[in-house]
Amino acid sequence: MSFSLPDFRRKWSCRGYMSAGAAMVTAALGLSLVLTERAEARKHTSPLDIFGIAAPRPRVAVHPAKIPLPRPRPEEAPKAPDEAPPEADGKPSPDKPGADKPAEAAPPPQKPVSACRLALTEEIAIAPSIPDIRGPGACGGEDLVRLEAIVLPDKRKVTVKPAAILRCTMASAIADWLRKDMVPLATSLGSTIGELDNFDSFECRGRNRVVGAMLSEHGKANAIDIRAIKLTNGQSIGLTDRTMSREVRERVLHSVCARFSTVLGPGSDWYHEDHIHLDLAQRRNDYRICQLNVWDPLPQVAPLLPAERPEEAPPREVAAKPEAQEGADDKAAEKAPAPAGKPAADGGKSQPHKPATKKRR
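Description of the structure in this document. Bear in mind that the values here come from a model prediction, so they are computed numbers and not experimental data. (Residues numbered from 1 in each chain as written. Predicted model: local features only at pLDDT ≥ 70, side-chain atom pairs only at ≥ 80, totals over all residues. Heavy atoms only, no water.)

### A few points about the environment of Gly206
Looking at where Gly206 falls in the secondary structure, it is placed in the loop between β7 (193-200) and β8 (223-231). Owing to a relative accessible area of 14%, Gly206 belongs among the buried residues under this scheme. As for Gly206 and Gly219, which are separated by 13 residues in sequence, their C-alpha atoms are 7.4 Å apart. (Helix = DSSP H or I, 4+ residues; strand = E, 2+ residues; numbered from the N terminus. Buried < 20%, exposed > 50% of the residue type's maximum accessible area, 1.4 Å probe, protein only.)

### Quick word on the pairing of strand β11 (residues 276-279)
The side-chain alternation of β11 yields two buried faces, one formed by Ile276 and Leu278 and the other by His277 and Asp279. Where β8 lies against β11, four bridges are found, and the strand directions are antiparallel. Looking at β11, one finds that Ile226 is bridged to Ile276. (Pairing = 2+ DSSP bridges.)

### Looking at the state of the cysteines
Every disulfide links exactly two cysteines, by a covalent bond between their sulfur atoms. Evaluated as defined, the whole model comprises three disulfides. Put simply, Cys116 and Cys168 are joined by a disulfide, and their sulfur atoms are 2.2 Å apart. The chirality of the disulfide connecting Cys116 with Cys168 is left-handed, given an S-S dihedral of about -95°. With a gap of 52 residues between them, Cys116 in helix α3 (residues 115-119) and Cys168 in helix α4 (residues 168-188) connect regions that are remote in the sequence. Judged by its relative accessible area of 17%, Cys116 is buried. Across a sulfur-sulfur distance of 1.8 Å, Cys139 and Cys204 are joined as a disulfide pair. Because the torsion about its S-S bond is 90°, the bridge between Cys139 and Cys204 counts as right-handed. Of this pair, Cys139 sits in the loop between β3 (133-134) and β4 (140-141) while Cys204 sits in the loop between β7 and β8, and the two are 65 residues apart along the sequence. The connectivity of the disulfides in the chain is 1-3, 2-4, 5-6, where the numbers refer to bonded cysteines in sequence order. (Disulfide = S-S within 2.5 Å.)

### Structural notes on the layout of surface pockets
The computed volume of the largest pocket comes to approximately 450 Å³. Every residue lining the largest pocket is counted, 23 residues in all, and those nearest its centre are Arg207, Asn208, Leu264, His272 and His277. Those elements that place two or more of their residues in the lining of the largest pocket are β7, β10 (262-264), β11 and β12 (289-291). Here the residues of the lining of the largest pocket are counted per class, giving five nonpolar, nine polar and nine charged. (1 Å grid on protein atoms, 1.4 Å probe; cavity = no way out; pocket = protein on both sides within 12 Å on 5 of 7 lines; lining within 4 Å. Points joined across faces, edges and corners; volume = space filled by probe spheres on them. Nonpolar A, V, L, I, M, F, W, Y, C, P; charged D, E, K, R; others polar.)

### Focus on the pattern of salt bridges
Enumeration over the complete set of coordinates arrives at 14 salt bridges. Note that Glu195 is salt-bridged to Lys230, the shortest N-O span being 3.9 Å. Of the two residues, Glu195 sits in strand β7 while Lys230 sits in strand β8, which places them 35 residues apart along the sequence. (Salt bridge = Lys/Arg side-chain N within 4 Å of Asp/Glu carboxyl O.)

### Section: helix α5 (residues 246-259)
For α5, which comprises 14 residues, the first-to-last C-alpha distance of 21 Å matches the rise-based estimate of 20 Å (1.5 Å per residue) to within 8%. Within α5, the full set of buried residues consists of Val248, Arg249, Val252, Leu253, Ser255 and Val256. Each element contacted by the buried residues of α5 is listed here: α4, β9 (236-238), β10, β11 and β12. (Expected span 1.5 Å × (residues − 1). Contact = heavy atoms within 4.5 Å.)

### Side note on the side chain of Arg179
Note that Arg179 resides in helix α4. Within the buried set, Arg179 has no salt-bridge partner at all; the shortest N-O distance to an opposite charge, 5.0 Å, is to Asp176. Within the structure, the side chain of Arg179 is placed 2.4 Å from the backbone oxygen of Val151, a separation counted as a polar contact. Contact partners of Arg179, with chain neighbours within four places excluded, come to Glu123, Ile124, Ile150, Val151, Leu152, Pro153 and Pro184. (Lys, Arg positive; Asp, Glu negative; His and termini not counted. Polar contact = N/O pair within 3.5 Å; in protein donor to acceptor, adjacent residues only side chain to side chain.)

What follows is the structure, given as structure tokens:
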């Protein structure tokens, strides 16, 4: 039996035993290091202790410092002004939010009332305020009212039909114009004002309703179109009616041009032939436009046919011919010569001539 070292290593390999021994040695060394670190952790905290293996480091005892307290307030001392009274029965004050009552949001500040709104009282006009209008582009405005009626000095109300949506300044100007200028005019005609014919007020549009034109003052609630002023006796003052007297229309012209910055009527363009446009547009150097022609009254044209005779008219009298004139007429008839080419029949008496008839074919 032969024995050799290579055969021994091939049959009886010790690599597995040597590997297990090395692992055991490594584990023993690691355990000794862990025990050593835990012993050191009692004095110093390890920065790599992410699993909480090391024991916590004991805290240094803290001794409270003595802080001097203020002396108690004497009973005879006055109360501080900002000292709040104690709450009764532990209930919170109603104006202070409690634990179960959240703090309410503060209401928005109210918009200050304009001077025009304060001046336009119910003794002048029935014009309730309405919210501001914010339309497309620059349409709309602020400090708006709905002008429903104007109160005259004698407490009578002039109805605005339909109610006009205007700025307060424009509504105030219309009320002053009607009360101070139109009331005396109506009085001179023997009546009082009963209604104002509002043709157009606020409307978000361009000038003359042309697409793409500059924004009209109507779109800013700063203009009104008026056709007529109706009186209580049924008469109507047509501001552009040529059948009205020229004097009345000239008084209207002078009154509106003195109060408004823009006046457009007949003669300005064909858009304003049947009404007048009034606004308070602001221009440079207070420039004003007054284009309102007072045309002459229409001419009185005679009728083509005479009027029919009324039934109650007396009968017409036919003038009788005098006897002398009748005799002269008879003699002239007798002396009249007979027609040429025809002999006189029946003793020279003429017979009535019969018109020839034409036979039909």
